[in-house]
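Residue strings, one per chain:
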Amino acid sequence: MAIELMKVGIISCSGEELPGGTVSRIACRKVLDDLRATETVTICLPLFIAGDQGQREFASNYPTITVDGCDKYCAKKSTELLSGTPKKYILVPEILKRHGLEAPIHRRDLNEKEKAAADVVAEEIARAVDEVLNE
Ligand code: SF4
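Since this is a predicted model, take the numbers as computed values, not measurements. (Residues numbered from 1 in each chain as written. Predicted model: local features only at pLDDT ≥ 70, side-chain atom pairs only at ≥ 80, totals over all residues. Heavy atoms only, no water.)

A. The overall build of the chain, seen in detail. Regarding its fold elements, the chain presents six helices and four strands. Counting from the amino terminus, the chain carries its helices and strands in the arrangement β-α-β-α-α-β-α-β-α-α. A compact globule built from 135 residues would reach a C-alpha radius of gyration of about 14 Å, and the chain, at 14 Å, matches this within 12%. With the C-alpha coordinates aligned to their principal axes, the bounding extent of the chain is approximately 45 × 30 × 25 Å. Restricting to contacts in the chain with at least 6 residues of sequence separation, those with at least 24 account for 66%. Element-wise, carbon and sulfur atoms account for 52% of the exposed surface of the chain, whose accessible area totals about 7,800 Å². Averaging the locations of the 18 positively and 22 negatively charged side chains of the chain gives two centres separated by 3 Å. (Helix = DSSP H or I, 4+ residues; strand = E, 2+ residues; numbered from the N terminus. Rg over C-alpha atoms; globule rule 2.2 N^0.38 Å. Contact = heavy atoms within 4.5 Å. Areas by Shrake-Rupley, 256 points an atom, 1.4 Å probe, with all protein chains shown as cover. Lys, Arg positive; Asp, Glu negative; His and termini not counted. Charge placed at Lys NZ, Arg CZ, Asp CG, Glu CD.)

Below you can see the structure in the form of C-alpha cells.
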C-alpha cells in the first residue's frame, strides 16, 4: 500500500491591486514549485470562496498556511469563515519589516530588490511548512 505523505495547503491572497499581494503570490509559487514542492499543494482562493466543495474539504481536512499581502487578511479570513482555522498565517509586510526590507511598490514586473524580498517571504513560508509537518 502506498504511504500518503502529509501535505500542507498553501492559500495565498489573490491581491492584484497591492504590491504585497504580488509578493505573496510569487513567494507561494516558489514554495509550491521549488522549496517544498512535495510537501505542499495550493488552493485557489477565488474558487474556494466561490464554493467549490473539493477546495473547502481539503482545507477542512489538511493543515493550511495562509499568506496575505496586507492586513486585510483576505486569505486568513476566508479560510476561517469557509473551512477552518489555519495552522499558521503569514503577513507579507510583517516579514519584510522584520528583515529590514523595503515595502514593494510594483504590482507586476518586480525589480531585483522586490524579487529578493519575495525570496525572503518564500523562505519564511517554507519554514512554516516544516514547523507544521513536525508538530
Ligand atoms: S490581503 Fe490585501 S493584498 Fe491580499 S487580496 Fe486582500 S486586500 Fe488584496
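Once you've had a look at it, read on.
B. Geometry of the pairing of strand E3 (residues 64-68). Extensive coverage of E3 is indicated by the burial of five of its five residues. Both faces of E3 are covered, namely the face carrying Thr-64, Thr-66 and Asp-68 and the face carrying Ile-65 and Val-67. As paired elements, strand E1 (residues 8-12) and E3 share four bridges and run parallel to each other. Looking across to E3, one finds that Ile-11 is bridged to Thr-66. Taken together, E3, helix H4 (residues 74-82) and strand E4 (residues 88-91) form a β-α-β motif whose crossover is right-handed. (Buried < 20%, exposed > 50% of the residue type's maximum accessible area, 1.4 Å probe, protein only. Pairing = 2+ DSSP bridges. Right-handed = clockwise from strand over helix to strand, strands pointing away.)

C. Just the site of the ligand, in detail. If you check the shell around the ligand, you find Cys-13, Gly-15, Glu-17, Leu-18, Asp-68, Gly-69, Cys-70, Lys-72, Tyr-73 and Cys-74 and nothing else. Split into classes, the residues belonging to the shell around the ligand amount to five nonpolar, two polar and three charged. (Near = heavy atom within 4 Å. Nonpolar A, V, L, I, M, F, W, Y, C, P; charged D, E, K, R; others polar.)

D. Structural context of the sheet that holds E3. Taken together, four strands build an open sheet; the order of strands is E2-E1-E3-E4 and the sheet is parallel. Pairing within the sheet leaves two strands with one partner each, and these edge strands are strand E2 (40-42) and E4. Ignoring which end each strand starts from, the neighbouring axes of this sheet average 25° apart. Seen against the sheet, H4 touches E1, E3 and E4 and runs at an angle of roughly 145° to E3. Of the strands in this sheet, E1, E2, E3 and E4 are in contact with helix H6 (residues 112-133), which crosses E4 at around 170°. (Axes fitted to C-alpha atoms, helices over the stretch in contact; angles between N-to-C directions.)

E. Structural detail: the pattern of salt bridges. All chains considered together, the criterion is met by 12 salt bridges. Close ionic contact of Arg-127 with Glu-124 constitutes a salt bridge, the shortest N to O distance being 3.8 Å. Note that Arg-127 and Glu-124 are positioned in helix H6 at a spacing of three residues, about one turn of the helix. (Salt bridge = Lys/Arg side-chain N within 4 Å of Asp/Glu carboxyl O.)

F. Examining the nonpolar core more closely. Counting residues in each nonpolar core, the largest one holds 22 residues, and the members touching the most others are Ile-10, Ile-65, Val-67, Ile-90, Val-121 and Ile-125. Elements supplying a minimum of two residues to this core: E1, helix H1 (19-35), E3, helix H5 (92-98) and H6. In terms of residues, this core owes the most to one element, H6, which gives eight residues. Aside from chain neighbours lying at most four places away, what touches Ile-65 is Val-8, Gly-9, Ile-10, Ile-11, Lys-88, Ile-90, Ile-125, Ala-128, Val-129 and Val-132. Listed in part, the eight residues of the second largest apolar core include Cys-13, Leu-45, Phe-58 and Ala-75. (Core = buried A, V, L, I, M, F, W, Y, C linked by side-chain atoms within 4.5 Å.)

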